[in-house]
Amino acid sequence: MTPLTGKAALVTGASRGIGRAIARRLAADGAMVAVHYGHNETAARETVHLIDKDGGRAFPIRAELGVPGDVETLFAALEAGLAAWTGQVRLDILVNNAAVTADSIETITPEAFDHLIAVNTKAPLFIIQRALPLLNDGGRIINLSTAATRIAMPEQPYAMSKAAIEVLSRSLAQVVGGRGITVNAVAPGPTVTDMNPWMLDSPEVQQMVGSGNAIPRVGWPADIADVVAFLASEEGRWVTGQVIDASGGCFLG
Ligand code: NDP
């Protein structure tokens, strides 16, 4: 039996990048995975296809985050999918992964800042609020942050939106600990995904970026998914309220 057999998971932003790797890993560990996406249906279906091919179980759900009614749209689809696929509307693992980046403080507009906060900060908060009654005792909430919250980077507004996620994770851990629910943030360093298009097809850039890490290579989605899988597993039961840096030691000093 695989470690997450019988568990149900929601991974937001699972159509591509780190979210896809997390969805694939949780499914490989036995969980039924709701593969959430915003716009890219083809990519979400590919994630589900890859999971199916590996012998796992998953279904796609669409909801654009950061717009009015986003959380209700998400949960209407999630609850229908859980009922159809598992026969009950219960959740064991919530991974708040979907996010966007933004311009630097010199150029970001108020509208772009509002969108950034709506997707990266407000949506995870209200997804958690809506998920808590569905979440089984002993469940897991894992929120994606970024190593950029501890490093001075040009993308300060993005790091601000994620710093709030770290505070949320710590505070919520205290609130739900009595139910055996753990809440943690995982903070990747630079990882090869669509979020960093300048890195995608350039081994030279990847090498240059990776040279800033104690382990001198760039991160890959599976590097992050493995950390999330640990937190989601029974072995992760005693870790809560923490920010787990998953960056290969990005700019340690
Ligand atoms: P990608 O840009 O590769 O993928 C983003 C995912 O989020 C997609 O599935 C996308 O859906 C979804 N998404 C984005 N905006 C919305 C929205 N408004 N509504 C619904 N879904 C949305 O991101 P990564 O895989 O790189 O990042 C995953 C997480 O890791 C994020 O939280 C990010 O901040 C964090 N992170 C990433 C780092 C990196 O270097 N890549 C470094 C540090 C942290 P769709 O396909 O439908 O557009």
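Here, every reference points to the structure presented above.
About the cut-offs
- Residues numbered from 1 in each chain as written.
- Predicted model: local features only at pLDDT ≥ 70, side-chain atom pairs only at ≥ 80, totals over all residues.
- Heavy atoms only, no water.
- Salt bridge = Lys/Arg side-chain N within 4 Å of Asp/Glu carboxyl O.
- Helix = DSSP H or I, 4+ residues; strand = E, 2+ residues; numbered from the N terminus.
- Buried < 20%, exposed > 50% of the residue type's maximum accessible area, 1.4 Å probe, protein only.
- 1 Å grid on protein atoms, 1.4 Å probe; cavity = no way out; pocket = protein on both sides within 12 Å on 5 of 7 lines; lining within 4 Å.
- Points joined across faces, edges and corners; volume = space filled by probe spheres on them.
- Nonpolar A, V, L, I, M, F, W, Y, C, P; charged D, E, K, R; others polar.
- Axes fitted to C-alpha atoms, helices over the stretch in contact; angles between N-to-C directions.
- Parallel < 35°, antiparallel > 145°, perpendicular 65-115°, else oblique.
- Left-handed = near helix turned anticlockwise from the far one by under 90°.
- Contact = heavy atoms within 4.5 Å.

### What to know about the pattern of salt bridges
Part 1 of the reasoning: Tallied over the entire structure, the rule returns eleven salt bridges.
Part 2 of the reasoning: A salt bridge links D137 to R179, with the nearest nitrogen and oxygen atoms 2.8 Å apart. A residue pair is termed long-range when its members are at least 10 positions apart, and D137 in strand β5 (residues 135-144) and R179 in the loop between α5 (156-176) and β6 (182-188) qualify at 42 residues.
Part 3 of the reasoning: R179 gets classed as partly exposed once you look at its relative accessible area, which sits at 31%.

### Here's the deal with the layout of surface pockets
Part 1 of the reasoning: Each pocket or cavity is described by its volume, and for the largest pocket that value is around 1,300 Å³.
Part 2 of the reasoning: In terms of lining residues, the largest pocket is bounded by 48 residues, among which A99, V100, T193, D194 and M195 are the most central.
Part 3 of the reasoning: Counting residues per element, the lining of the largest pocket draws most heavily on helix α1 (residues 17-28), at five residues.
Part 4 of the reasoning: Partitioning the lining of the largest pocket into residue classes produces 25 nonpolar, 17 polar and six charged.

### Examining the packing of α1 against helix α8 (residues 221-232)
Part 1 of the reasoning: Between α1 and α8, whose axes approach to 8 Å, the crossing angle comes to 45°. Taken together, the axes of α1 and α8 are oblique relative to one another. Handedness of the α1/α8 crossing: right-handed. Between α1 and α8, the residues in contact are G17, I18, A21, I22, R25 and L26 and P221, A222, I224, A225, D226, V228, A229 and A232, respectively.

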